[in-house]
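# Inside the fold
The residues making up each chain are set out below.
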Amino acid sequence: MRSLHLFSAEGGGFVPPSTNDFNLPPVFGHNVYTTKPILLVFFSVLLISVFFMLASRKAAIVPSKLQFAGEGIYAFVRNDLARDNIGPEFMRFVPYLFTLFTFVLVNNVFGIIPLLQFPSMSHVSFPYVLAIFTFLVFHYVGIRKQGIRKYFKDIMFMPGVPKAAYILLTPLELATFFIVRPLTLSLRLFANMFAGHLLLLVFILGGDHLLKGVVGLKLISPFAFAFGIGLTFFEFLVQCLQAYIFTLLTALYIAGALADEH
Amino acid sequence: MKGTLNLVGYGLSAIGPAIATGMIFAAYISGVARQPEARSVLQPIAFLGFALAEALALFGLVLAFVL
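Residues numbered from 1 in each chain as written. Chains lettered and ligands numbered in written order. Predicted model: local features only at pLDDT ≥ 70, side-chain atom pairs only at ≥ 80, totals over all residues.

- Of the comments in the UniProt record for chain B, the one headed Sequence similarities (unreviewed entry) reads "Belongs to the ATPase C chain family."
- Word for word, the UniProt comment on chain B under Subcellular location (unreviewed entry) is "Membrane". (UniProt positions renumbered as here; feature names shortened; annotations may be inferred.)

### Observations regarding the overall build of chain B
- In terms of regular secondary structure, chain B is built from three helices and zero strands.
- If you list the helices and strands of chain B from N to C, you get α-α-α.
- By the compact-globule yardstick of 11 Å for 67 residues, chain B is too spread out, its C-alpha radius of gyration being 16 Å.
- Projected onto its principal axes, the C-alpha coordinates of chain B cover approximately 50 × 20 × 15 Å. (Helix = DSSP H or I, 4+ residues; strand = E, 2+ residues; numbered from the N terminus. Rg over C-alpha atoms; globule rule 2.2 N^0.38 Å.)

### Let's talk about the UniProt feature "transmembrane region" (unreviewed entry) in chain B
Residues and elements named next belong to chain B.
- This chain's UniProt record puts "transmembrane region" (unreviewed entry) on residues 7-29 and 41-66.
- Helix makes up 96% of residues 7-29 and strand makes up 0%, while its end C-alpha atoms are separated by 32 Å.
- As annotated, residues 41-66 has a helix share of 100% and a strand share of 0%, and its two end C-alpha atoms lie 39 Å apart.

### Focus on the nonpolar core
- Within the largest apolar cluster, 44 residues are counted, with the highest numbers of intra-cluster contacts made by Ala82(A), Ile86(A), Leu97(A), Phe101(A), Val104(A), Ala251(A) and Ile254(A).
- Contributing elements (two or more residues each) for this core: helix 2 (65-86), helix 3 (94-109), helix 4 (125-146), helix 6 (166-211) and helix 7 (215-258) of chain A together with helix 3 (39-66) of chain B.
- Ranked by the residues each element gives to this core, the list is headed by helix 7 of chain A, at ten residues. (Core = buried A, V, L, I, M, F, W, Y, C linked by C-beta atoms within 7 Å. Buried ≥ 20, exposed ≤ 12 C-beta atoms within 10 Å, placed from the backbone.)

### Description of the packing of helix 6 of chain A against helix 3 of chain B
- Between helix 6 of chain A and helix 3 of chain B, whose axes approach to 9 Å, the crossing angle comes to 75 degrees. Of the possible angle classes, the one that applies to helix 6 of chain A and helix 3 of chain B is roughly perpendicular. Along its contact with helix 6 of chain A, which presents Val180(A), Thr184(A), Leu187(A), Arg188(A) and Ala191(A), the element helix 3 of chain B presents Ala51(B), Glu54(B), Ala55(B), Leu58(B), Leu61(B) and Val62(B). (Axes fitted to C-alpha atoms, helices over the stretch in contact; angles between N-to-C directions. Parallel < 35°, antiparallel > 145°, perpendicular 65-115°, else oblique. Contact = placed C-beta atoms within 7 Å.)

### Some thoughts on helix 3 of chain A
- Over its 16 residues, helix 3 of chain A runs 22 Å from end to end, which matches the ideal 22 Å to within 8%, given 1.5 Å per residue.
- Contact partners of the buried residues in helix 3 of chain A: helix 1 (36-57), helix 2, helix 4, helix 6 and helix 7 of chain A. (Expected span 1.5 Å × (residues − 1).)

If you want it as structure tokens, here you go:
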């Protein structure tokens, strides 16, 4: 990857944030398996498990605040994402969608939590793994439901299209289902987290650098920090939205595979 | 000032998906405004269209780094 050096015009000595800022050194000694993103992913699993175990432990008809919060998230995934999109068979997929949503959401929001401040999804390998899971799930349910022959026939030869159109349509449909869908699913999440983190770095590090400059530059520096804080809230919006879109698209792909006609 | 022209090209290529995304959501909003009960039907269609349009921008991003 080539680094982004377009910002280096401002002032001497300012090192603009680049892709190198994402390659963090190992936390413990020289063990390359203990970098910050990996530890954050483990931490997120722990966090989610403990939260939902506590939220569901003493389930009561009149819910406590914790139970209400946990059930609110669960109801959102089950009703708005799974039921409205997948249809009558949705209950089978709720555990997967729910895990996906909470995992992506917590790992994204790590990007703006003070002290952690690194979205683990800005390392492309994590979204790749999630997209591979989704890829396997929606093809598996499609093949189980319709049989392997009918499933591929529906993908390759869309019914109700003039025969000559298949020359163009068949390669495009195959590429959509087997290359474009998993690739864009993972890259969308990665690119948003990566660009968001870089954006925050530009404003915060830039503000820090302006503070060290002459008096005129010092006066501008608060604006850079204010922008950084404003963009942090914007990032929170983007992080929640990306978790929602990732889960929604997974639900839509599953729904498409289950539907009788594509 | 140093840098690669790839990024300028990526900026230009992102114009298309940007306009497309704007149009998709404009249509979605006006559809829901005219018929609020159609929201749940329109929402997955809007997001699927948005995902398709954004896929082009993502290809551009990948090529900006790879080439």
